[in-house]
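So the chains spell out like this:
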Amino acid sequence: MKIYLDTIGCRLNQAEIETMARQFRAAGHEIVATADQADLAVINTCTVTSQAASDSRGKIRAAARRGAGEIAVTGCWATLEPQSAAALPGVSRVVPNLRKDFLVADVLDLQPSTFDPSRTSGRRLEPLPREPLPGLHQRTRSFIKVQDGCDNHCTYCITAIARGAARSQPIPDVLADVRAALAGGTKEVVLTGVHLGSWGQDLNLHLRDLLATILKETDTPRLRLSSLEPWDLDADFFTLWQDARLCRHLHLPLQSGSAGVLRRMARKTTPEAYAALLAAARAAIPDVAITTDVIAGFPGETEAEFTETLDFVRQMNFSGGHVFTYSARPGTAAARMGGQIPHEVRKERNAVLRAAFAESERTYQQKFLGKIMSVLWESTDQLNDAGWQMEGLTDNYLRVTAVTPGARWNQIDSVKLVALAGEPGDSHLQGDCHLE
Ligand code: SF4
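Below or above, wherever it landed, is the structure these notes cover. Please read all numbers here as calculations on a predicted model, not as lab measurements. (Residues numbered from 1 in each chain as written. Predicted model: local features only at pLDDT ≥ 70, side-chain atom pairs only at ≥ 80, totals over all residues. Heavy atoms only, no water.)

### Some points on the sheet that holds strand β12 (residues 289-296)
Note the cut-off: Between any two strands, at least two bridges found by DSSP are needed for them to pair. For the purposes of this entry, the term helix denotes a DSSP run of H or I that reaches at least four residues, the term strand denotes a run of E that reaches at least two, and both are numbered from the N terminus. To obtain an axis, a line is fitted to C-alpha atoms, over the contacting stretch when the element is a helix, and the angle between two such axes runs from 0 to 180 degrees between their N-to-C directions.
In spatial order, the strands read β11-β12-β13; together these 3 strands make up an open sheet with parallel pairing. The two strands at the open ends of the sheet, each matched to only one other strand, are β11 (249-251) and β13 (320-325). Strand-to-strand, the axes of this sheet are offset by a mean angle of 15°, without reference to chain direction.

### As for the sheet that holds strand β6 (residues 142-145)
What counts, and what does not: We call two residues contacting when some pair of their heavy atoms lies within 4.5 Å.
The parallel open sheet is built from 3 strands, whose spatial order is β6-β9-β10. Both outer strands of the open sheet, β6 and β10 (222-225), are each paired with one neighbouring strand and no more. The mean inter-strand angle of the sheet, taken between neighbouring strand axes irrespective of direction, is 30°. With 4 bridges connecting them, strand β9 (residues 188-192) and β10 associate as parallel partners. Within β10, the residue paired with valine 190 across the bridge is arginine 224. Helix α1 (residues 11-26) rests against β6, β9 and β10 of the sheet, and its axis sits at about 95° to β6.

### So, the nonpolar core
Applicable threshold: By nonpolar core is meant a set of buried Ala, Val, Leu, Ile, Met, Phe, Trp, Tyr and Cys residues that side-chain atoms within 4.5 Å join together. Buried, partly exposed and exposed residues are distinguished by accessible area as a fraction of the type maximum, computed with a 1.4 Å probe on protein chains only: under 20%, between the cut-offs, and over 50%, respectively.
Counting residues in each nonpolar core, the largest one holds 48 residues, and the members touching the most others are Leu191 and Phe237. Breaking this core down by element, the ones donating at least two residues are α7 (171-183), β9, α8 (207-217), β10, α10 (271-284), β12, α11 (303-316) and α12 (343-366). Here the element with the most residues in this core is α7; it accounts for 6 residues. The contacts of phenylalanine 237, once residues within four sequence positions are left out, are His206, Leu207, Arg208, Leu211, Leu225 and Leu228.

### Notes on the packing of aromatic side chains
To keep it simple, the criterion reads: Only rings of Phe, Tyr and Trp enter the pairing, Trp through its six-membered ring, and a pair is recorded when the two centres are within 6.5 Å. The plane angle decides the type: under 30 degrees is stacked, over 60 is edge-to-face, the rest tilted.
Counting across every chain of the model gives 8 aromatic pairs. For the ring pair phenylalanine 298 and tyrosine 326, a centre distance of 5.6 Å and an interplane angle of 80° mean the geometry is edge-to-face. Residue phenylalanine 298 is located in the loop between β12 and α11, and its partner tyrosine 326 is located in the loop between β13 and α12; the two are separated by 28 residues in the primary sequence. For the residue pair phenylalanine 298 and tyrosine 326, the accessibility class agrees, reading buried in each case. Within the aromatic cluster, the residues linked to one another by ring pairs are Tyr274, Phe312, Phe318 and Phe357.

### Quick look at the site of the ligand
Put simply, the test is: What makes a residue near a molecule or strand is one non-hydrogen atom of that residue sitting within 4 Å of it. Gly is placed with the polar residues, together with every amino acid not listed as nonpolar (Ala, Val, Leu, Ile, Met, Phe, Trp, Tyr, Cys and Pro) or charged (Asp, Glu, Lys and Arg).
In the vicinity of the ligand, the contacting residues are Cys150, Asn152, Cys154, Tyr156, Cys157, Ala160, Val194, Glu229, Trp231 and Arg267. Class assignment of the residues belonging to the shell around the ligand gives a composition of 7 nonpolar, 1 polar and 2 charged.

### Structural notes on the environment of methionine 265
Structurally, the position occupied by methionine 265 is in helix α9 (residues 259-265). On the accessibility criterion, methionine 265 (0% relative accessible area) is buried. Along the backbone, methionine 265 and alanine 334 are 69 residues apart, and their C-alpha atoms lie at a distance of 7.5 Å. Aside from chain neighbours lying at most four places away, what touches methionine 265 is His153, Cys154, Thr155, Tyr156, Gln255, Ser256, Ile295 and Phe298.

### Things to note about unusual backbone geometry
Backbone geometry at asparagine 204 places phi at a positive 55°, although glycine is not the residue there. Following the sequence through the fold, asparagine 204 ends up in the loop between β9 and α8. With relative accessibility at 77%, the residue asparagine 204 sits in the exposed group.

### Comments concerning the pairing of β13
What counts, and what does not: By the criterion used throughout, a crossover qualifies as right-handed when its path from the first strand across the helix to the second strand runs clockwise, the strands pointing away from the viewer.
As paired elements, β12 and β13 share 6 bridges and run parallel to each other. Across the sheet, aspartate 293 pairs through a bridge with histidine 322, a residue of β13. Crossover β12 to β13 through α11 is right-handed.

Structure (structure tokens):
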């Protein structure tokens with residue numbers, strides 16, 4: 001069969017379609033770049049905001065319009081609205097999140113454990129080396145799912161509702177995925193989950209045990225972590241960064257800088273505890289990049305509370321941040337709260353926060369002008385007389401562009417950072433890449 005895989009939303013969704021690709025290939029099927037070539041399209045949906053849910057429906061309709069033979073829909077939107085998903089054109093199968101790891105086996109009518117790396121008897125298909133997905137989702141970096149679900153109940157969060165209870169991938173399975181990625185030529189492994197920092201709580205282990213094992217048992221050139229909830233970490237955790245392969249980038253969602261709003265969000269942190277954690281990280285990891293997420297316009301957020309958040313964001317000197325305009329998600333406690341903020345006010349607060357992040361991001365980028373940094377080239381978007389226009393990331397998440405004599409996709413080069421380019425909020429560093 002020709003299979004088209006598409007996803008929207010988080011890195012976990014991306015990691016899941018990469019695993020599906022390996023499983024379909026291991027079973028002898030072909031992954032194609034567009035839906036019009038496909039016998040089957042699999043769409044991994046999202047519902048973190050109402051816009052994401054709408055975009056998910058758009059991708060399903062697009063696959064049907066382009067003539068995909070049949071469409072299997074999975075992911076958070078499909079899990080929470082299965083009837084609506086099943087009613088969309090071309091949809092022949094709706095697979096809830098709790099069944100997603102077995103989607104390929106179910107579609108191919110194979111034993112669920114066929115792709116289980118720890119299985120010792122019966123028919124088992126080896127996970128093939130990772131190959132980048134054809135088409136839009138082609139990436140050099142490998143997203144590896146190590147955890148799913150969440151046991152917290154942040155009042156705005158629909159993800160925990162859609163993904164179920166927290167559960168960890170056992171270490172042997174994670175090592176098998178990391179090795180398959182390395183066998184496929186990956187230079188950077190990105191660990192991802194719904195609540196990554198809770199990895200191991202169901203195994204009497206801690207995330208630090210998993211990181212230490214991956215660093216000891218594999219030769220991954222770069223190991224990066226996705227979003228981490230601040231309350232899962234302590235100062236000791238940062239000693240792991242004595243290993244230079246761990247990328248100096250921590251994404252620690254703050255959501256609000258106001259103690260009152262954090263309480264109404266049921267977040268297990270305070271501005272003081274958060275600030276202390278950042279100080280510990282900065283003391284342990286030189287030049288560490290710290291990025292975050294903030295929600296603008298949470299129900300009941302007063303002008304004073306918003307000002308607390310803005311002041312706190314400025315004090316923390318983040319190297320970047322995502323700002324989400326609060327979006328009431330059906331089924332969450334926050335959606336039932338009083339004091340819903342008018343959309344215009346939420347948008348205004350979003351814009352003010354984005355400007356603050358753009359400023360601190362630029363300040364962080366300027367620290368590296370004149371320095372020589374290692375860059376993993378991720379993409380190229382044109383070839384001109386001067387050479388190839390490459391774009392990539394340093395370990396501390398600086399976006400760098402440079403012109404190289406040859407296409408350097410998926411290579412790590414030493415690059416001198418010579419200029420800051422782009423507008424605030426979308427700026428990057430220009431590099432000078434002298435290849436021997
Ligand atoms: S910890 Fe993260 S995934 Fe869990 S409920 Fe809170 S926001 Fe959602």
